[in-house]
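Commentary on secondary and tertiary structure
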Amino acid sequence: MNPAAAAMLAGLLLAAGQAVPPVSSAPAPGLAERVESGQIATAGGSPVSYRIRLLPLSSFPGLPAEVVAQLSLRRCMIPQTYEAKQPENVIEGAFHAAGASDWAALCSAGGTTTLYVFFAGQFATPIPLRSQPDTAWLGADPGEAVLGSAWGIAARTVDQLRSSPRLRHLLPIEHDAIDDARIERTLAIHYYLGGKWLTVTADTDE
């Protein structure tokens, strides 16, 4: 599509209250760092620019080869939050049993991000915990005009879980959990129990 046609399409989509289709800065998913960019209409109707930084799997040398293979099959790149100072959103923890070496990662592919969990011994069958559009959660530091991704995940250890009286009441706390956060807004904690995922909301400082 030539630049003039692209500009016309962007204007029509914004007028209709839709997000402009993301534009990738490079054509080789998984091989090099990329930036997904575009504009999205705010609640007031004014367009706002966004830039979502996507890292290749090679940015995470600690990932087991079997996990890399599964993420590569899904053409995954790892979205980084606007706060990121180093590669993030790939985590290791004991998410299904004490002492296990499990992994979880955010995978951006085709404009959608999915939270995948890989249990030790079952890396060939990742669990797609949940998905949403790359642009569903956007944010920025104060004063910044361009938005970035606001979706971040982290491992929550047994000790961290037990430090909260409310979580001790809600969960048996036998192993780690996954923090699933919209930066500065919401936090959900995913805990695996008896073959099912339990999700509880929590304060960001809990």
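Residues numbered from 1 in each chain as written. Predicted model: local features only at pLDDT ≥ 70, side-chain atom pairs only at ≥ 80, totals over all residues. Heavy atoms only, no water.

Description of the environment of Ala150
Inspection of the secondary structure puts Ala150 in the loop between β10 (148–149) and β11 (151–156). Once residues lying within four places of it in the same chain are set aside, the contact partners of Ala150 are Tyr82, Trp137, Leu138, Gly139, Ala181, Arg182 and Ile183. (Helix = DSSP H or I, 4+ residues; strand = E, 2+ residues; numbered from the N terminus. Contact = heavy atoms within 4.5 Å.)

A short note on the sheet that holds strand β7 (residues 112–118)
Taken in spatial order, the four strands of this open sheet run β5-β6-β7-β8, and their pairing is antiparallel. With one partner strand each, in any of the chains shown, β5 (90–93) and β8 (127–133) form the two edges of the open sheet. Here the average twist between neighbouring strands, direction ignored, is 15 degrees. Two strands pair when backbone bridges link them, and β5 and strand β6 (residues 102–109) are joined in this way by four bridges, in the antiparallel orientation. Counted as the bridge partner of Val90 is Ala105 from β6. (Pairing = 2+ DSSP bridges. Axes fitted to C-alpha atoms, helices over the stretch in contact; angles between N-to-C directions.)

Some details on a negative patch on the surface
Residues Glu83, Asp141, Glu144 and Glu184 make up a contiguous surface patch of negative charge. Tracing the chain through its elements places Glu184 in the loop between β12 (177–182) and β13 (186–193). (Patch = residues over 30% accessible without salt bridge, like charges linked within 9 Å, V, L, I, M, F, W, Y side chains within 5 Å. Areas by Shrake-Rupley, 256 points an atom, 1.4 Å probe, with all protein chains shown as cover. Salt bridge = Lys/Arg side-chain N within 4 Å of Asp/Glu carboxyl O. Lys, Arg positive; Asp, Glu negative; His and termini not counted. Charge placed at Lys NZ, Arg CZ, Asp CG, Glu CD.)

Considering the pattern of salt bridges
Evaluated as defined, the whole model comprises three salt bridges. Among the salt bridges present, the one from Arg130 reaches Asp180, with a minimum N-O distance of 2.7 Å. A residue pair is termed long-range when its members are at least 10 positions apart, and Arg130 in strand β8 and Asp180 in strand β12 qualify at 50 residues. For Arg130, a relative accessible area of 22% corresponds to the partly exposed category. (Buried < 20%, exposed > 50% of the residue type's maximum accessible area, 1.4 Å probe, protein only.)

What about the sheet that holds strand β14 (residues 196–201)?
What the four strands build is an open sheet, ordered β11-β12-β13-β14; its pairing is antiparallel. The open sheet has two edge strands with one neighbour each: β11 and β14. When strand polarity is set aside, the average angle formed by the axes of neighbouring strands in this sheet is 25 degrees. Taken together, the six bridges between β11 and β12 define a ladder with antiparallel strand orientation. By the bridge assignment, Ala154 is partnered in β12 with Asp179.

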